[in-house]
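# Structure assessment
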Amino acid sequence: MSVAERYVAAIDQGTTSTRCILFDAAGRLASVAQREHRQHYRRPGWVEHDAAEIWRNVGRVLPEALADVGATADQVVALGIANQRETTVLWDRRTGEPVAPAVVWQDVRTQQVIERLAGDVGVDRFADVCGLPLLTYFSGPKIAWLLEQDPSLRERAERGDVLFGTMETWLVWNLTGGPDGGIHVTDVTNASRTMLMDLRSLEWSPEVCAAMGVPMALLPQIRSSSEVYGETTTVVPGVRIAAAMGDQQAALFGQTCFSPGEAKCTYGTGSFVLLHTGSELPRSTHGMLSTVAYKLGDEPVQYALEGAIAVTGSLVQWFRDNLGLISSAPEIETLALTVSDAGGCFIVPAFSGLFAPHWRPEARGVVVGLTSYITKGHLARAVLEATAWQTRDVVDAMDADSGVALTALKVDGGMTSNNLLMQTVADVLGVPVVRPMVSETVSLGAAYAAGLAVGYWPDLQGLRRNWHRAGRWLPAEGSDRRQGDYEDWGRAVQHTFGWATSGRARPVPAQVPPEAALAAGRRRPQAGR
Ligand SMILES: Nc1ncnc2c1ncn2[C@@H]1O[C@H](COP(=O)(O)OP(=O)(O)O)[C@@H](O)[C@H]1O
Ligand SMILES: O=P(O)(O)OC[C@H](O)CO
């Protein structure tokens, strides 16, 4: 009699879609189901999701992934959740309905809240406690903004009738019964992105919550990233939920960056470099974020430095949807290969300011170096190079913070299918770039954390053996000649600074055009469109 295969399930609840993937004991992908959700742009600078739609999508992709391999719930030993971070959901504890659209991480509506909180003290007001500068990016200011809109909502929040969560919290609560006894928990990695958690004690900071006007009654319980939180009672009942992680931390984990000094970059809508720094809290003086890498059960917490780049893959989408120069994202490589360089052209995609290492909310994008010689091929190159140069900015800052130069970069995400881009990244960083066989590192990281919690995988060393290289790009000979280009990139970046505060005030644009978001519906993962 054959023994039924057992799997670990992972949900990757991302900015544009929700995936469910089943992994086998060798960390191989057994099945995948995916659905996109709509992006809502009601006002300039606002980016919203419908949390109820995302929950419905989870209700579909989870059974679909099981059905794909004919598996039943008892063959799923554990479920792990990885999620877009910072995106803020508030919902009614009794009805289970969101009380407002989810405010997405890219949303910049809270700029006034930020300025008020920074006051005379500056953006580093809470940095010592939570490792983060005051920015529109994080959840705390988003909660503050939502409660400021409606005094009755604040009263309900203070009474504990309204709950807050990032996406993993919202999903765990719904999967464990919602209004009928749903568990209200978050994990340390997601909590570290709210600005409300003390990075040392790993507890909510009463001081920061009070200063931000966030009632502690609405906050979930903070747990480790890898432990059994509870069992599903809906969708696919009887599955242990055993991990939650922010998606970028999950990618670090899925890339098996378990030792200090190991780093990865995930190239998607935005791109995120994370460097594992160990169990001592790192401090950045070069624009990196201090964040929690992961915490496995009772083991010591592991920290990371993070360089978050807001616009990379979304610049390719802009090139496709707004300029119409390509009809699919992969086509940009073919177009870029029609020329041998960017012809002296640089595009700095500061669509809603610049993230790491500059953190300039008032910066706006520029195209510099235009001459009559420039063709669409050069522009395509400049689009791809923008991602490589931004990576260099972040990696240089990270090297300066850690005092150790990176020796190799592990990569993953939709943009890594672009060979020209990966070669360019290797050239401008001057280190090898390596891509693993399983490119779904976010899901894999969540699966690993869940599988470890229930003993499906015994230890980290075993997981390391599952990492197999699928691609490697070495810096080309003579690529150090690109140093001059990097200096020009730096000058181009300078041109973006102060644009929104000088001259005529303009509203901050949303990062992705609404047209790009309309393709909702079921979709299997494919080469990024
Ligand atoms: N071959 C390619 N070349 C350049 N960019 C690509 C390519 N394929 C996909 N992308 C970009 O990658 C992004 C999708 O990657 P993905 O990892 O799925 O992102 P996310 O998880 O942020 O939704 C899109 O922004 C798309 O424009
Ligand atoms: O969902 P992604 O892959 O775009 O990741 C978003 C990040 O978690 C935002 O911090």
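Residues numbered from 1 in each chain as written. Chains lettered and ligands numbered in written order. Predicted model: local features only at pLDDT ≥ 70, side-chain atom pairs only at ≥ 80, totals over all residues. Heavy atoms only, no water.

## Observations concerning the site of ligand 2
In the vicinity of ligand 2, the residues found are Gly14, Thr15, Gln84, Arg85, Glu86, Trp105, Tyr137, Asp247, Gln248, Thr269 and Phe272. Measuring from an oxygen atom of ligand 2, one finds a side-chain N or O atom of Glu86 at 2.7 Å. Take Asp247: an N or O atom from its side chain is 2.6 Å from an oxygen atom of ligand 2. Coverage of ligand 2 by the protein amounts to 90% of the 310 Å² it exposes when considered alone. Its residues assigned to classes, the shell around ligand 2 comprises three nonpolar, five polar and three charged. (Near = heavy atom within 4 Å. Polar contact = N/O pair within 3.5 Å; in protein donor to acceptor, adjacent residues only side chain to side chain. Areas by Shrake-Rupley, 256 points an atom, 1.4 Å probe, with all protein chains shown as cover. Nonpolar A, V, L, I, M, F, W, Y, C, P; charged D, E, K, R; others polar.)

## Topic: the UniProt feature "domain: Carbohydrate kinase FGGY C-terminal" (unreviewed entry) in the protein chain
Within this structure's numbering, the places UniProt gives as "domain: Carbohydrate kinase FGGY C-terminal" (unreviewed entry) are residues 263-453. As a span, residues 263-453 carries 35% helix and 21% strand, and end to end its C-alpha atoms are 24 Å apart. (UniProt positions renumbered as here; feature names shortened; annotations may be inferred. Helix = DSSP H or I, 4+ residues; strand = E, 2+ residues; numbered from the N terminus.)

## Describing the sheet that holds strand 18 (residues 302-309)
Pairing is mixed across the open sheet formed by seven strands, whose spatial order is 17-18-16-15-21-22-23. Each of the sheet's edge strands pairs with one partner strand only, and the pair in question is strand 17 (289-294) and strand 23 (469-473). For this sheet, the mean inter-axis angle between neighbouring strands, taken without regard to orientation, is 30°. Across four bridges, the pairing between strand 22 (residues 433-436) and strand 23 is antiparallel. (Pairing = 2+ DSSP bridges. Axes fitted to C-alpha atoms, helices over the stretch in contact; angles between N-to-C directions.)

## Regarding the confidence of the model for the protein chain
In the predicted model, the protein chain carries a mean pLDDT of 92, and the fraction of residues at 70 or more is 94%. Considering only residues more than four positions removed or in separate chains, one finds that residues 507-529, a stretch of pLDDT under 50, has 59 contacts. Under the prediction, the complex receives an ipTM of 0.98, its pTM being 0.92. (pLDDT = per-residue confidence, 0-100. Contact = heavy atoms within 4.5 Å.)

## Quick notes on the packing of helix 4 (residues 139-148) against helix 5 (residues 151-158)
In a pair of packed helices, the angle between the axes and the distance between the axes together describe the arrangement. Two elements in contact, helix 4 and helix 5, have axes whose closest approach is 6 Å; the angle formed by their N-to-C orientations is 120°. It follows that helix 4 is oblique to helix 5 by the angle criterion. Along its contact with helix 4, which presents Ala144, Leu146, Leu147 and Glu148, the element helix 5 presents Pro151, Leu153, Arg154 and Ala157. Among the residues making up the contact of helix 4 with helix 5, the classes are represented as six nonpolar, no polar and two charged. (Parallel < 35°, antiparallel > 145°, perpendicular 65-115°, else oblique.)

## Structural notes on the UniProt feature "domain: Carbohydrate kinase FGGY N-terminal" (unreviewed entry) in the protein chain
UniProt marks residues 7-254 with the feature "domain: Carbohydrate kinase FGGY N-terminal" (unreviewed entry), using the numbering shown here. Helix makes up 31% of residues 7-254 and strand makes up 26%, while its end C-alpha atoms are separated by 16 Å.

## Some thoughts on the pattern of salt bridges
Under the counting rule described, the total for this entry stands at 24 salt bridges. For Asp107, the salt bridge is made with Arg109, and the minimal N-O distance between the two is 2.9 Å. Each of the two residues, Asp107 as well as Arg109, counts as buried. The partner of Arg320 in a salt bridge is Asp321, and the shortest N-O contact between them spans 2.7 Å. Judged by relative accessible area, which is 8%, Arg320 ranks as buried. For Asp321, a relative accessible area of 28% translates into the label partly exposed. Connected via shared salt-bridge partners are Arg85, Glu86, Arg193, Asp247 and Glu306. (Salt bridge = Lys/Arg side-chain N within 4 Å of Asp/Glu carboxyl O. Buried < 20%, exposed > 50% of the residue type's maximum accessible area, 1.4 Å probe, protein only.)

## Topic: the packing of aromatic side chains
Applying the stated criterion across every chain, the model contains 15 aromatic pairs. With a centroid separation of 5.2 Å and an interplanar angle of 90°, the aromatic rings of Tyr448 and Trp457 are classed as edge-to-face. One exposure class covers both Tyr448 and Trp457, and it is buried. Three or more aromatic residues joined by ring pairs form one cluster here, namely Trp105, Tyr137, Phe138, Phe272, Phe355 and Trp359. The ring centre of Trp46 lies 3.8 Å from the NZ or CZ of Arg109, which sits over that ring. Seen from the ring of Phe497, Arg360 lies directly overhead, with NZ or CZ sitting 4.1 Å from the centre. (Phe/Tyr/Trp six-rings, centres within 6.5 Å; stacked < 30°, edge-to-face > 60°. Lys NZ or Arg CZ within 6 Å of the ring centre and 35° of its normal.)

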